[in-house]
Amino acid sequence: MSSALVPDFSKLRVAVVGDLVADHYLFGEPTRLSREAPVMVLRHRGEEFGAGGAANAARNLRSLGAEVHALGIVGRDKQGRELIERLERDGIDVRGVEPTAEWLTPTKTRILGAEPGRTRQHVLRIDREPEGAPSKDVRARLAGRLEALGGELDALLFSDYGYGLLADELGEVGRELARRGKVVVLDPRRTFEPFRGLSAITPNLGELALAARRTPEELDAVPTIAAAAREVLERCAPRYLLVTLGNRGMQLFPRTGVPMSVAAAGHEAVDVSGAGDTAAAAFTLALAAGLEGSAAMRLANAAAGVVVLEQGAAACRLDQLRSALGVSPLPRAGEPLKA
């Protein structure tokens, strides 16, 4: 695939349903060791607000050119308001996002420090999380919104960050849309079973291990990764299982056919935050545009290679993707990537 053959995604209508997460960055410059404790004192130099989780997946879909609808919940809090405003500024339809008083918007505050002119280093992360999962009523309302929108969609991406939103109610709608020929992809965290029979599932190695009831350490070689993938394919029956392996690239297991692999881009990653969101978004769009699995994997791999060169959860633009694909390695058939 040459960069000139990357599809035009602008005619595609895609919905992202899942856990909307707020990313908060605090930047500081190290000055001295504290006299109160053996820790570094950082002088505040600024802060930024970003979109994580399903919100980051939505931004990547939009940045690649698709028309995007975000569906999910946020709290009636400052973080929820800022997250909705951020998505609106990016041109994403947020009418399917419900602010609810019973929810606390998940927020990841990352503290980064560096001397002037140096790359910022991740010092600490503080997570602000809701207690428990969204109620059944909230999940049912969201499923109803997705069902009403489904006929207008070309593709649907479920983005699970483990907060309990993606359960049977939404799984049922996703399965029905897949039966009707829509491209439906699950980017999982813990939940697989309610999403049987989709177009694709895109776990990382840890998520694959969890689904196969193993530890990540057990998936340390070609045969164990392949065996775990076959178990998930049997149980969940997606058309494709795309396993992201970080700096070892990606492995594609089709329901029928030969596994394919692609090596990661040969760049030193600056920040891997959100790279899985980018890969899932690009893979979803590629399938919706009619690409076969191996070509879609190469496109997803190139997009992930773009965003790991930026700090924080970033969105890959179409021009960046086309440029990256000019030098991205070709998928190869046969055995998975070696450990």
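All of these numbers come straight from a predicted model, not from anything done at the bench.

*Asks:* Looking at this structure, I do not really get the layout of surface pockets. What am I missing?
*Replies:* Using a probe with the size of a water molecule, rolled over the atoms, empty space left in the structure can be pinpointed. The calculated volume of the largest pocket comes to roughly 870 Å³. As for the largest pocket, its lining consists of 42 residues, and the residues nearest its centre are Val272, Ser273, Gly274, Ala275 and Gly276. When contributions to the lining of the largest pocket are tallied by element, the ones reaching two or more residues are strand S2 (20-33), strand S3 (40-53), strand S6 (107-113), helix H7 (275-288) and helix H8 (293-307). Among the elements that line the lining of the largest pocket, the one with the most residues is H7, at five residues. Within the lining of the largest pocket, the residues separate by chemical class into 16 nonpolar, 16 polar and 10 charged.

*Asks:* Honestly, the pairing of strand S1 (residues 13-18) in this entry has me stumped. Any pointers?
*Replies:* The two faces of the sheet receive side chains in turn, since in a regular strand these alternate between them. Burial analysis of S1 places five of its six residues in the buried class, the great majority of the element. Note: S1 against strand S4 (residues 67-75), five bridges, orientation parallel. Each residue of the ladder has a partner; that of Val14, found in S4, is Val68. Direction of pairing for S1 relative to strand S8 (residues 155-159): parallel, over a ladder of five bridges. Residue pairing in the sheet places Val14 in a bridge with Ala155 of S8.

*Asks:* Looking at this structure, I do not really get the packing of aromatic side chains. What am I missing?
*Replies:* Given two aromatic rings, their pairing is described by the distance between the two centres and the angle made by the two planes. This structure, assessed with the given rule, holds three aromatic pairs. Ring plane angle 10° and centroid distance 6.4 Å describe the contact between Tyr25 and Phe27, whose orientation is recorded as stacked. Among the residues examined, Tyr25 registers a relative accessible area of 8% and is labelled buried. A residue is classified by how much of its surface remains accessible, and Phe27, at 8% relative accessible area, is buried. A cation over a ring is seen here: Arg120 above Phe27, with NZ or CZ 3.7 Å from the ring centre. When the ring centre of Tyr161 is taken as reference, the NZ or CZ atom of Arg189 above it lies at 4.7 Å.

*Asks:* Just checking my understanding: could you explain the sheet that holds S6 for this structure?
*Replies:* Strands in a sheet are paired, the pairing made by backbone hydrogen bonds, and the direction either parallel or antiparallel. The strand order S3-S2-S6-S7 describes an open sheet built from four strands, whose pairing is mixed. With partners counted over all chains shown, the strands left at the sheet margins are S3 and strand S7 (121-128), one partner each. Adjacent strand axes in the sheet meet at a mean angle of 20°, parallel and antiparallel pairs treated alike. Inspection of the sheet shows S6 paired to S7 by seven bridges, in the antiparallel sense.

*Asks:* So what exactly am I meant to see when it comes to helix H6 (residues 222-236) here?
*Replies:* One turn of an α-helix holds 3.6 residues; hence residues three or four places apart share an orientation. For H6, spanning 15 residues, the distance from its first C-alpha to its last is 21 Å, which sits close to the expected 21 Å at 1.5 Å a residue. Turning to H6, its buried residues are Val222, Ile225, Ala226, Ala227, Ala228, Ala229, Val232, Leu233 and Cys236. Along its buried surface, H6 packs onto strand S10 (200-201), helix H5 (205-211), strand S11 (240-244) and strand S12 (250-254). Count one or two residues on from H6 and you reach Ala237, which has phi positive near 55°.

*Asks:* Just checking my understanding: could you explain the side chain of Thr109 for this structure?
*Replies:* Within the secondary structure, Thr109 is located in strand S6. Overall, the relative accessible area of 14% leaves Thr109 in the buried class. Within the structure, Thr109 has its side chain in polar contact with the side chain of His24 (distance 3.3 Å). For Thr109, the contacting residues outside a window of four places in its chain are His24, Leu26, Leu124, Arg125 and Ile126.

*Asks:* Please explain the side chain of Arg110 as it appears in this structure.
*Replies:* For Arg110, the position within the fold is in strand S6. Side chain to side chain, Arg110 and Asp23 meet in a polar contact 3.2 Å long. Not counting chain neighbours up to four residues away, the residues in contact with Arg110 comprise Asp23, His24, Tyr25, Leu26, His122, Leu124, Arg125 and Ser273.

*Asks:* Looking at this structure, how should I read empty space enclosed by the protein?
*Replies:* Under the criterion given, the structure shown has one cavity of 30 Å³ or more. Of the pockets and cavities examined, the largest cavity occupies roughly 40 Å³. Surrounding the largest cavity, Gly18, Asp19, Leu20, Ile73, Trp103, Pro106, Pro134, Tyr163 and Leu165 form its lining. Looking at side-chain class alone, the lining of the largest cavity contains seven nonpolar, one polar and one charged residues.

So, how was this worked out
- Residues numbered from 1 in each chain as written.
- Predicted model: local features only at pLDDT ≥ 70, side-chain atom pairs only at ≥ 80, totals over all residues.
- Heavy atoms only, no water.
- 1 Å grid on protein atoms, 1.4 Å probe; cavity = no way out; pocket = protein on both sides within 12 Å on 5 of 7 lines; lining within 4 Å.
- Points joined across faces, edges and corners; volume = space filled by probe spheres on them.
- Helix = DSSP H or I, 4+ residues; strand = E, 2+ residues; numbered from the N terminus.
- Nonpolar A, V, L, I, M, F, W, Y, C, P; charged D, E, K, R; others polar.
- Buried < 20%, exposed > 50% of the residue type's maximum accessible area, 1.4 Å probe, protein only.
- Pairing = 2+ DSSP bridges.
- Phe/Tyr/Trp six-rings, centres within 6.5 Å; stacked < 30°, edge-to-face > 60°.
- Lys NZ or Arg CZ within 6 Å of the ring centre and 35° of its normal.
- Axes fitted to C-alpha atoms, helices over the stretch in contact; angles between N-to-C directions.
- Expected span 1.5 Å × (residues − 1).
- Contact = heavy atoms within 4.5 Å.
- Polar contact = N/O pair within 3.5 Å; in protein donor to acceptor, adjacent residues only side chain to side chain.

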